[in-house]
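# Descriptive structure summary
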Amino acid sequence: MNIQWYPGHMTKARRMMQENIKLIDLIIELVDARAPLSSRNPDIDELGKGKARLILLNKADLASEYWNDMWEAWFRSKGYFVLRLDSRSKAGMKAVQNAIKEACREKTERDRRRGILNRPVRAMVAGIPNVGKSTFINSFAGRACTKTGDKPGVTKGAQWIRLNKQVELLDTPGILWPRFDDQEAGIRLAFLGSVNDEILNLQELAGRLGSFLQKYFRSCLEERYRTEFPEEPEERELLTKVAETRSCLTKGGEPDLGRAAVFLLDDFRSGRLGKITLEFPPEGEYDKSMDNMR
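Residues numbered from 1 in each chain as written. Predicted model: local features only at pLDDT ≥ 70, side-chain atom pairs only at ≥ 80, totals over all residues. Heavy atoms only, no water.

## Structural notes on the pairing of strand β2 (residues 52-58)
Here is the key point about a regular strand: its side chains alternate between the two faces of the sheet. Heads up, the rule is: Burial status follows relative accessibility: with a 1.4 Å probe on protein chains alone, a residue under 20% of its type maximum counts as buried, one over 50% as exposed, and anything between as partly exposed. Here a strand is any run of E in DSSP of at least two residues, a helix any run of H or I of at least four, and the numbering for each starts at the N terminus. By definition, two strands form a pair when at least two bridges between them are found by DSSP. Look down the strands so they point away from you; if going from the first strand over the helix to the second traces a clockwise path, that crossover is right-handed.
β2 sits mainly inside the fold: six of its seven residues count as buried. Both strand β1 (residues 26-32) and β2 contribute to a ladder of seven bridges, which runs parallel. By the bridge assignment for β2, Glu29 is matched with Ile55. This β-α-β element, β1 to helix α2 (residues 42-47) to β2, shows right-handed connectivity. Summarising the sheet, β2 and strand β3 (residues 81-84) pair through four bridges and their orientation is parallel. For Ile55, the partnering residue across the bridge sits in β3 and is Val82. The parallel pair β2 and β3, bridged by helix α3 (residues 65-77), forms a crossover whose chirality is right-handed.

In C-alpha cells form, the structure reads like this:
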C-alpha cells in the first residue's frame, strides 16, 4: 500500500504558515498521542526555528498510558515543552495556559525590560489533518470559534482568535508533507483517519492494522471481539474472525471482509478497542521494556 495525499489547499496552507510565522511567539503543535512521530509535520521544525515550542499529545485518552509517559519524557528530552491532552475535555486547559506562560517566559521578560507590558502571547496552532486542532481551540476558548469535524480538511484558512488578555491564537489548516518518505508513517496516519479513506483500500489497511494489534495488543482484540486470535494469523484470516464475531456476512453466508474492515478501523479510531499506541520512541531512548505493553 502506497500512501500519497496532498490536496491543493495544503500547499496554500504551508505558504500561509511561512508568511505568518514572523508574527507569532509560540508554536503549539498538536500530535496524535497514538502516533506522535508519524503525526508530526517535519516542515514545522524548519518553519519554527527560533520560536518557543509546545507539543500537545492530543487524544491521550485513546493511547496507552505507559507509552504516553514514555513519549512525554522523550519530547522533553528533545527540549520541547509538552503536555498530554484530551481536547474534547476542558479539564486540561488550565495546564495549557500555564505551559504557554512557561514556554514564553523569556519572551515576556525580554518585553518587560524593553518597557512592553501586557502584550498577549501570539501562538500558532499547527498540526496535521484530523489531529483535533479545532476541537482544542474551541475547548480552550470555551466557545465555538472554529468548525470541527471527524474528516481531514475541515479548516480551510488561517484565522486569529483572541482567547483572553494573555493569549491570541492563529489557527491554521492541517497540512501533511508532500511525500511520505517513510511509508510506515503514512500507514499509521491512514489508521488514524488523517488520510482520506476514499483514496485507500480499506480492506488492505484494516488487515495491516489487525496484524499490528495482534502482535502488540492482542488482548484488546480478544476482549472486543470475544474470541481468541491465533499467534500469527494471515490478514485475511484475522478479518474473517472479525466478520464472524460481528455477523458481517454476505447473502450467501460468507464473511464480508469489506464490512469487517470498516468495523475494525472504526473500533480502533473511536477507542472501542481500548488504549492503543501505534509507535514507540526510537530504540534505546526510553528506559523500560516494550514487553510491559502487552
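## Some words on the sheet that holds β1
Short version of the rule: For every element, the axis is a line fit to its C-alpha atoms; helices are fit only across the contacting stretch, and the angle between N-to-C directions ranges from 0 to 180 degrees.
Spatial ordering of the open sheet is given by β3-β2-β1-β4-β6-β5, a layout of six strands whose pairing is mixed. The open sheet has two edge strands with one neighbour each: β3 and β5 (159-162). Direction aside, neighbouring strands of the sheet carry axes that sit 25° apart on average. With five bridges connecting them, strand β4 (residues 121-126) and strand β6 (residues 167-171) associate as parallel partners. Of the residues in β6, the one forming a bridge with Val121 is Val167.

## Topic: a negative patch on the surface
We count it as follows: Excluding any residue in a salt bridge, patches collect residues exceeding 30% relative accessible area, merging like charges within 9 Å and nonpolar Val, Leu, Ile, Met, Phe, Trp and Tyr side chains within 5 Å. The method behind every accessible area is Shrake-Rupley, applied with a 1.4 Å probe, and residues are considered shielded solely by the protein chains displayed. Counted as salt bridges are all cases of a side-chain nitrogen of Lys or Arg within 4 Å of a carboxyl oxygen of Asp or Glu. Under the counting rule used here, the positive set is Lys and Arg, the negative set is Asp and Glu, and His together with the chain ends is not counted. To locate a charge, the coordinates of NZ of Lys, CZ of Arg, CG of Asp or CD of Glu are taken.
A surface patch of like charges, here negative, comprises Glu204, Glu234, Glu235 and Glu237. Structurally, Glu234 is set in the loop between α9 (218-225) and α10 (235-245).

## Overview of the confidence of the model for the protein
Where we set the bar: pLDDT is a per-residue confidence score from the predictor, ranging from 0 to 100. Any pair of residues with heavy atoms lying within 4.5 Å of one another is described as a contacting pair.
With 83% of its residues at a pLDDT of 70 or more, the protein has an overall mean of 83. The element-level mean pLDDT for the protein is lowest in helix α1 (residues 8-20), coming to 68, with helix α11 (residues 257-270) highest at 96. Predicted confidence is poor over residues 147-157, with pLDDT under 50, and the contacts of this stretch with residues over four places away or in other chains come to 29 contacts. Across residues 288-294 the pLDDT falls below 50, and counting only partners more than four positions away or on other chains, this stretch makes 13 contacts in the model.

## Quick notes on the packing of aromatic side chains
What counts here: Classification of ring pairs uses Phe, Tyr and Trp, with its six-membered ring standing for Trp, and accepts pairs whose centres are within 6.5 Å; under 30 degrees between planes counts as stacked, over 60 as edge-to-face, and the remaining range as tilted.
Applying the stated criterion to the full structure yields 11 aromatic pairs. Between the aromatic rings of Trp71 and Trp74, the centroid separation amounts to 5.4 Å while the plane-to-plane angle is 80°, which identifies the pairing as edge-to-face. Remark: Trp74 and Trp71 occur in helix α3; sequence separation between them is three residues, near one turn of the helix. With respect to class, Trp71 is no different from Trp74; both count as buried. Ring geometry for Tyr216 and Phe280: centres 5.6 Å apart, planes at 65°, overall edge-to-face. Here Tyr216 is found in helix α8 (residues 202-216), whereas its partner Phe280 is found in the segment after α11, with 64 residues between them in sequence. Take Tyr216: its relative accessible area is 18%, and that puts it in the buried class.

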